[in-house]
Amino acid sequence: EVLLRMHSVGICGSDVHYWQHGRIGDFVVKDPMVLGHEASGTVVKVGSGVTHLKPGDRVAIEPGVPREVDEFCKTGRYNLSPTIFFCATPPDDGNLCRYYKHSASYCYKLPDNVTFEEGALIEPLSVGIHACRRAGVTLGSKVFVSGSGPIGLVNVLVAKMMGAAAVVITDLSSSRLQKAKEVGADFTIQVKNETPQEVASKVESLLGCKPEITVECTGVQACIQAGIYATRSGGTLVLVGLGPEMVTVPIVNAAVREVDIRGIFRYCNT
């Protein structure tokens, strides 16, 4: 392990959720808990078995650390390990504190040209990397991103970096859509009171075709429906946003058109 002097910690929607509601789905806060999982800091001490880091190194922290080498770790999908430690997921404490110890293997040295703030943002960026990998974004992909919050934005960034030819993004907020334009979205749609089918047809008309890939970042039922209707037959819909446990979706529409629906849980190997 390494002991870190913390520098920058982002505030995630999940942190706010735990603070205001005391739970997210099955994860319930039963005891006092330190928040924070998007973080960077400086190494101040290293354990005797640590060779790749030394005091003074600036690092980004991957907040999910497997507690055992189970079948999920062996196949490289350690994020799915049921016993994983994850900062600020009850009952595990997060790293929004002055000093924090963490597994050295899950601390990544920052290059000199990367700031502490940027280092902390590698965590939400990783959600975009994992989502776009699961979606199969590649050179020439047409991509529809639903929702222009921070996670929608990192998906736009990553999709473009992975070679997407065109990215269209939706949101209710014009200021969020403006930011999406700034980070590389080719088209934006401000949703007002359109039906999911109407949103899907707007996406298609802007792209000139249905997108092969949809990345749904809101968790809102109507948006998931729009994602299914919008995605090209044989394409992929990745569900990133988390909303209510039960949602009504046109699953038969997806099934008969062979639209693959995939979920993601955080990230791994990013």
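Residues numbered from 1 in each chain as written. Predicted model: local features only at pLDDT ≥ 70, side-chain atom pairs only at ≥ 80, totals over all residues. Heavy atoms only, no water.

### Quick look at the nonpolar core
- In this structure, Val137, Val143, Val145, Val167, Ile169, Val215 and Val240 are the most contacted members of the largest nonpolar core, which totals 26 residues.
- For this core, the elements supplying multiple residues, two or more each, are α4 (122–135), β10 (142–146), α5 (150–161), β11 (166–171), α6 (174–183) and β13 (213–216).
- Ranked by the residues each element gives to this core, the list is headed by α4, at five residues.
- In contact with Val137, other than residues within four places in its own chain, are Cys132, Val143, Ala159, Met162, Ala164 and Ile213.
- Within the second largest apolar cluster, 19 residues are counted, among which are Met6, Val43, Val65 and Cys73. (Core = buried A, V, L, I, M, F, W, Y, C linked by side-chain atoms within 4.5 Å. Buried < 20%, exposed > 50% of the residue type's maximum accessible area, 1.4 Å probe, protein only. Helix = DSSP H or I, 4+ residues; strand = E, 2+ residues; numbered from the N terminus. Contact = heavy atoms within 4.5 Å.)

### Overview of empty space enclosed by the protein
- This structure, assessed with the given rule, holds one cavity of 30 Å³ or more.
- If you trace the largest cavity, you find it lined by Glu62, Gly64, Tyr78, Asn79, Ile84, Phe86, Arg266 and Tyr267.
- Tallied by class, residues from the lining of the largest cavity come to four nonpolar, two polar and two charged. (1 Å grid on protein atoms, 1.4 Å probe; cavity = no way out; pocket = protein on both sides within 12 Å on 5 of 7 lines; lining within 4 Å. Points joined across faces, edges and corners; volume = space filled by probe spheres on them. Nonpolar A, V, L, I, M, F, W, Y, C, P; charged D, E, K, R; others polar.)

### Some details on α5
- Counted at 1.5 Å a residue, the expected span for α5 with its twelve residues is 16 Å, and the 17 Å between its end C-alpha atoms agrees.
- Buried residues of α5: Gly152, Leu153, Val154, Asn155, Val156, Val158 and Ala159, and no others.
- Tucked into the core, α5 has its buried residues touching α4, β10, β11, α6 and β13.
- One or two residues past the end of α5 sits Gly163, with phi positive at roughly 105°. (Expected span 1.5 Å × (residues − 1).)

### Concerning the sheet that holds β10
- Taken in spatial order, the six strands of this open sheet run β12-β11-β10-β13-β14-β15, and their pairing is parallel. Of all strands in the sheet, those bounded by a partner on one side alone are β12 (187–190) and β15 (260–263). Neighbouring strand axes in the sheet, compared pairwise and without regard to direction, differ in orientation by 15° on average.
- Taken together, the four bridges between strand β14 (residues 236–239) and β15 define a ladder with parallel strand orientation. When the bridges of β15 are listed, Val238 appears paired with Arg262.
- Lying on the sheet, α4 is in contact with β13, β14 and β15; it crosses β14 at an angle near 150°.
- Against the sheet, α5 makes contact with β10, β11 and β13, and its axis sits at roughly 175° relative to β11, the strand it touches most. (Pairing = 2+ DSSP bridges. Axes fitted to C-alpha atoms, helices over the stretch in contact; angles between N-to-C directions.)

### As for the UniProt feature "domain: Alcohol dehydrogenase-like N-terminal" (unreviewed entry) in the protein chain
- The feature "domain: Alcohol dehydrogenase-like N-terminal" (unreviewed entry), as given by UniProt, occupies residues 1–112 in the numbering adopted here.
- A helix fraction of 12% and a strand fraction of 33% characterise residues 1–112, whose end C-alpha atoms lie 23 Å from each other. (UniProt positions renumbered as here; feature names shortened; annotations may be inferred.)

### Considerations on the sheet that holds strand β4 (residues 38–46)
- The strand order across the open sheet built from five strands is β8-β1-β4-β5-β9, with neighbouring strands paired in antiparallel fashion. One side of each edge strand has no neighbouring strand; the edge strands of this open sheet are β8 (99–102) and β9 (107–109). Across the sheet, the mean angle separating the axes of adjacent strands is 45° when strand polarity is ignored.
- Judged from the four bridges that link them, β4 and strand β5 (residues 58–61) form a sheet pairing that is antiparallel. Within β5, the position partnered with Thr42 by the bridge is Arg58.

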